[in-house]
Amino acid sequence: MQIRKASHHELDTIYWMGFDAWGGALVPTEYLASSQGSKKYQSGVWHVLVVDNQPVSSLIVYRDSFGLGQGCFGIGSLATTPAMRGQGFGAHLLRAVTDMLLDAPDAIATFLHADIDHHFYERLGYRRLPGVDCMYFSHRRPHYVGEPPTYF
Ligand SMILES: CC(C)(COP(=O)(O)OP(=O)(O)OC[C@H]1O[C@@H](n2cnc3c(N)ncnc32)[C@H](O)[C@@H]1OP(=O)(O)O)[C@@H](O)C(=O)NCCC(=O)NCCS
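Definitions and limits used
Residues numbered from 1 in each chain as written. Predicted model: local features only at pLDDT ≥ 70, side-chain atom pairs only at ≥ 80, totals over all residues. Heavy atoms only, no water. Pairing = 2+ DSSP bridges. Helix = DSSP H or I, 4+ residues; strand = E, 2+ residues; numbered from the N terminus. Contact = heavy atoms within 4.5 Å. Axes fitted to C-alpha atoms, helices over the stretch in contact; angles between N-to-C directions. 1 Å grid on protein atoms, 1.4 Å probe; cavity = no way out; pocket = protein on both sides within 12 Å on 5 of 7 lines; lining within 4 Å. Points joined across faces, edges and corners; volume = space filled by probe spheres on them.

### A look at the sheet that holds strand E4 (residues 72-80)
Okay, step 1: Within the open sheet, the 7 strands sit side by side as E1-E2-E3-E4-E5-E7-E6. Their pairing is mixed. Because the sheet does not close on itself, it has two edges, and the strands there are strand E1 (2-5) and strand E6 (127-128).
Okay, step 2: In this structure, strand E5 (residues 109-113) lies alongside strand E7 (residues 134-137), joined through 4 bridges in antiparallel fashion. Bridge pairing in E7 places Phe111 opposite Tyr136.
Okay, step 3: Its contacts with the sheet put helix H5 (residues 89-102) on E1, strand E2 (45-51), strand E3 (54-62), E4, E5 and E7, and the angle it makes with E3 is roughly 40°.

Below you can see the structure in the form of structure tokens.
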């Protein structure tokens, strides 16, 4: 098992991981085209968890946008290939990327927006910000005060 930044040729595989959650009414070709053309996706850095040379889970990391302050990161679009879900890969990837980002000396916090039940993220140490679906993780500021980032 390996965690690393995604290569460009892996992006379509990554987009398919979340088709059931984010495809909405789009047919597969429309969904793929909208993902490939997404300015939001192009502004972030995709990370993957690789098993047997195949990316099975992915997430995207944003910084310097969406109202994220200095030293703060946004983590979005966590998804696991449907056939590989329920084996701990999503949790492992999120935990590892959170730790990696917060390891930098100037790092303060990571944020995410919970589209699913908060408990999944709370089990990984993320805390809820009052009144919003935004959650954060921080060693340095266990009680974050400030505006939450906008949705990403
Ligand atoms: C959420 C997701 C990334 C989890 O990936 P995974 O590799 O299966 O994660 P893990 O095996 O580490 O954890 C599984 C846990 O995720 C949680 N989970 C998964 N889908 C969930 C959902 N729709 N609602 C609430 N919790 C959910 C459950 O707690 C589950 O535990 P269980 O198997 O005991 O029920 C995966 O289900 C997925 O890709 N979903 C579609 C995309 C999505 O909704 N992403 C979340 C965006 S906020």
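We are not done yet, so read on.
### With respect to the layout of surface pockets
Okay, step 1: Empty space within the largest pocket amounts to approximately 660 Å³.
Okay, step 2: Surrounding the largest pocket, 30 residues form its lining, Trp22, Leu78, Ala79, Ile116 and Tyr121 being those nearest its centre.
Okay, step 3: Listed by contribution, the elements that provide at least two residues to the lining of the largest pocket are helix H2 (19-22), helix H4 (39-42), E4, H5, E5 and helix H6 (119-122).
Okay, step 4: For the lining of the largest pocket, the element with the most residues is E4, which contributes 6 residues.
Okay, step 5: Empty space within the second largest pocket amounts to approximately 210 Å³.
Okay, step 6: Along the walls of the second largest pocket sit 14 residues, with Ser7, His8, Leu11, Tyr15 and Trp46 positioned nearest its centre.
Okay, step 7: With 3 residues, helix H1 (residues 11-17) is the largest single contributor of residues to the lining of the second largest pocket.

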